[in-house]
Amino acid sequence: MIVLSLLAGLLVLGISGGAYLHSSPLLRRGVRTSAACVNVGQVAQGSMLLLEYTPFGGPARQYTVGPFAFPPVEVGGTLDVIYHPKRPQEVSLPERLPKSTRGLVIAMTVSGAVVAACAALAYAW
């Protein structure tokens, strides 16, 4: 039981930590711009969109997003994206970012406490 709790805690910690590291800089410093849909592809789960956006002062970049059961735009349409000004390859759709990182920090704290408790219990055995 301790091992399963430890694994679950590590899994939640890893997922929430990765989400925090990706979304936190975009929420704090992200630049919103329009991206044009240049291609729509099909995968087993739905449609994938290839978007092209131009960061301020830089060359055009492409971003693949999806899958969508019903794509929000067709080729030629536009969507808003948010990119990191110093690392414009870090990009996301605004609706795919959390409204704040508070929930992620709470998840990381709780899962870290579970991992620490499980490790302490395992060490005590």
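Predicted, not measured: the structure shown is a model, and the values here were computed from it.

About the criteria used
Residues numbered from 1 in each chain as written. Predicted model: local features only at pLDDT ≥ 70, side-chain atom pairs only at ≥ 80, totals over all residues. Heavy atoms only, no water. Patch = residues over 30% accessible without salt bridge, like charges linked within 9 Å, V, L, I, M, F, W, Y side chains within 5 Å. Areas by Shrake-Rupley, 256 points an atom, 1.4 Å probe, with all protein chains shown as cover. Salt bridge = Lys/Arg side-chain N within 4 Å of Asp/Glu carboxyl O. Helix = DSSP H or I, 4+ residues; strand = E, 2+ residues; numbered from the N terminus. Buried < 20%, exposed > 50% of the residue type's maximum accessible area, 1.4 Å probe, protein only. Pairing = 2+ DSSP bridges. Polar contact = N/O pair within 3.5 Å; in protein donor to acceptor, adjacent residues only side chain to side chain. Contact = heavy atoms within 4.5 Å. Core = buried A, V, L, I, M, F, W, Y, C linked by side-chain atoms within 4.5 Å.

Undergrad: Please clarify how a nonpolar patch on the surface should be interpreted in this entry.
TA: A grouping of Val3, Leu4, Leu7 and Leu10 is seen on the molecular surface, where their side chains present a nonpolar patch of about 400 Å² in accessible area. Within the secondary structure layout, Val3 lies in helix α1 (residues 2–29). Given the relative accessible area of 56%, Val3 is considered exposed.

Undergrad: Which parts of the structure should I look at to understand the sheet that holds strand β1 (residues 31–43)?
TA: Strand pairing within a sheet occurs via backbone hydrogen bonds; the two strands may be parallel or antiparallel. Pairing within the open sheet is antiparallel, and its five strands lie in the order β3-β2-β1-β4-β5. Of all strands in the sheet, those bounded by a partner on one side alone are β3 (61–68) and β5 (91–92).

Undergrad: Where do I start with the side chain of Ser47 in this structure?
TA: Along the chain, Ser47 turns up in strand β2 (residues 46–53). Polar contacts involving the side chain of Ser47 include one to the side chain of Gln42, which spans 2.9 Å. What Ser47 contacts, discounting residues up to four positions off in sequence, is Val40, Gly41, Gln42, Val65, Gly66, Pro67, Phe68 and Pro71.

Undergrad: Before we go on, may I ask you to explain the pattern of salt bridges in this structure?
TA: When their charged atoms lie close together, side chains carrying opposite charge are able to pair. Inspection of the entire model under this criterion finds two salt bridges. Arg32 serves as the salt-bridge partner of Asp80, at 3.5 Å between the closest nitrogen and oxygen. Here the residue Asp80 occupies a position in strand β4 (residues 78–83), and Arg32 occupies one in strand β1, the gap between them amounting to 48 residues. Asp80 sits in the partly exposed class, given a relative accessible area of 36%. On the basis of relative accessibility, which here comes to 52%, the residue Arg32 falls in the exposed class. Glu90 is the salt-bridge partner of Arg87, the closest N and O atoms lying 2.6 Å from each other.

Undergrad: Looking at this structure, how should I read the environment of His84?
TA: Note on placement: His84 falls in the loop between β4 and β5. Residues His84 and Pro55, 29 residues apart in the sequence, show an inter-C-alpha distance of 9.0 Å.

Undergrad: Just checking my understanding: could you explain the nonpolar core for this structure?
TA: Within the largest apolar cluster, 14 residues are counted, with the highest numbers of intra-cluster contacts made by Leu49, Leu51, Tyr53, Tyr63, Val65, Val81 and Leu93. Beyond its immediate chain neighbours, meaning those up to four positions away, Tyr63 contacts Leu49, Leu50, Leu51, Tyr53, Val81, Val91, Ser92 and Leu93.

Undergrad: I'm lost on the pairing of β2 in this one. Help?
TA: In summary, the side chains of a regular strand alternate between the two faces of the sheet. Across seven bridges, β1 lies against β2 in antiparallel orientation. The residue of β2 that forms the bridge with Cys37 is Leu51. The antiparallel pairing of β1 with β2 creates a hairpin that spans two residues between the two strands. Relative to β3, β2 runs antiparallel, the two being bridged by six bridges. Paired with Ser47 across the bridge in β3 is Phe68.

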